[in-house]
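Summary of structural features
As a plain string of letters, each chain reads:
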Amino acid sequence: MQERISKALPSGVYIVTARNGEKINGMTAAWASQVSFNPPMVAVSIAQQRFTYGLIKESGRFCLNALAEDGIDLAKHFGFKSGRSFDKFKGIDHTTTMSGLPVITKAYAYIDCELASMFDTGDHTLFIGSVSECVVIRHDAAPLIFAWHDFFGKKA
Ligand SMILES: Cc1cc2nc3c(=O)[nH]c(=O)nc-3n(C[C@H](O)[C@H](O)[C@H](O)COP(=O)(O)O)c2cc1C
């Protein structure tokens, strides 16, 4: 079922970054979308047990880093281990948004957001963000489209 839904509802692959004080972190997310035209707003769905969940809730900001087609290894790096007791940014080239959130240098684009609202949706929480900054970094690259088999093998 999950694999079929991801085929029927194509999405990009994002690293959601957040900061609380000196602690920075990022996690991979495929469930992200624009949800308002004016004002521009986006949403990302994050499970409560993710370390990133608490960082966004406490700091009130998040940044969606859209990956490029060459970003599968980055998505695996940020998507299969928690940053709770591990620095996922060690060895990963990054800069920052104007608000100070991490931007992955190899990302295709980023959208920096201020948290506007959040509500539970089944076993995840939808974080809605007002867009503060949106930058396409690599105009020559194509965005990575989520494909189940790139990350989770054949059966789902
Ligand atoms: C391709 C891919 C897509 C993912 N999409 C989501 C998602 O949309 N929401 C979510 O909560 N977790 C998603 N995950 C799982 C988190 O990225 C993973 O649990 C991560 O280790 C959490 O990191 P953290 O504990 O440092 O926040 C995805 C993982 C992968 C590999």
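Below is a short write-up of the structure. These numbers come from a predicted model, not from an experiment.

Observations concerning helix α2 (residues 51–59)
Residues three or four positions apart in an α-helix share a direction because the helix packs 3.6 residues into each turn. Of all the positions in α2, only Thr52, Leu55 and Ile56 are classed as buried. Considered in projection along α2, the buried side chains sweep an arc of 95 degrees and stay on one side of the axis. On the buried face of α2, the contacting elements are β1 (14–20), β2 (23–29), β4 (41–46), β5 (61–66), β8 (109–121) and β9 (124–136). Of the residues one or two after α2, Gly60 is the one with positive phi, at around 75 degrees.

A few points about the nonpolar core
By size, the foremost hydrophobic cluster in this structure holds 36 residues, and its most contacted members are Tyr14, Val16, Val44, Leu64, Leu67 and Ala107. Where this core is concerned, the elements lending two or more residues are β1, β2, β4, α2, β5, α3 (72–79), β7 (102–104) and β8. Beyond its immediate sequence surroundings of up to four residues, Leu64 is in contact with Tyr14, Val16, Ala32, Val42, Val44, Tyr110 and Ile111.

What about the pairing of strand β3 (residues 32–36)?
In the sheet, β3 pairs with β4 via four bridges, with the strands oriented antiparallel. Each residue of the ladder has a partner; that of Ser33, found in β4, is Ala43.

Observations regarding the site of the ligand
Near the ligand, the surroundings consist of 22 residues, among which Phe51, Thr52, Gly79, Ser82 and Gly83 are the closest. Looking at the shell around the ligand, the elements with two or more residues in it are β2, β4, α2 and α3. Element by element, the count of residues in the shell around the ligand is highest for β2, at four residues. Of the residues in the shell around the ligand, the class split is eleven nonpolar, eight polar and three charged.

What to know about the sheet that holds β4
The strand order across the open sheet formed by seven strands is β2-β1-β5-β8-β9-β4-β3, and the pairing between neighbours is antiparallel. Of all strands in the sheet, those with a lone pairing partner are β2 and β3, marking the two edges. Recorded for the sheet is a direction-independent mean angle of 35 degrees between the axes of neighbouring strands. By the bridge criterion, four bridges tie β1 to β5 in an arrangement that is antiparallel. Each residue of the ladder has a partner; that of Ile15, found in β5, is Asn65.

Rules behind the numbers
Residues numbered from 1 in each chain as written. Predicted model: local features only at pLDDT ≥ 70, side-chain atom pairs only at ≥ 80, totals over all residues. Buried ≥ 20, exposed ≤ 12 C-beta atoms within 10 Å, placed from the backbone. Helix = DSSP H or I, 4+ residues; strand = E, 2+ residues; numbered from the N terminus. Arc of directions from axis to C-beta. Contact = placed C-beta atoms within 7 Å. Core = buried A, V, L, I, M, F, W, Y, C linked by C-beta atoms within 7 Å. Pairing = 2+ DSSP bridges. Near = placed C-beta within 6 Å. Nonpolar A, V, L, I, M, F, W, Y, C, P; charged D, E, K, R; others polar. Axes fitted to C-alpha atoms, helices over the stretch in contact; angles between N-to-C directions.

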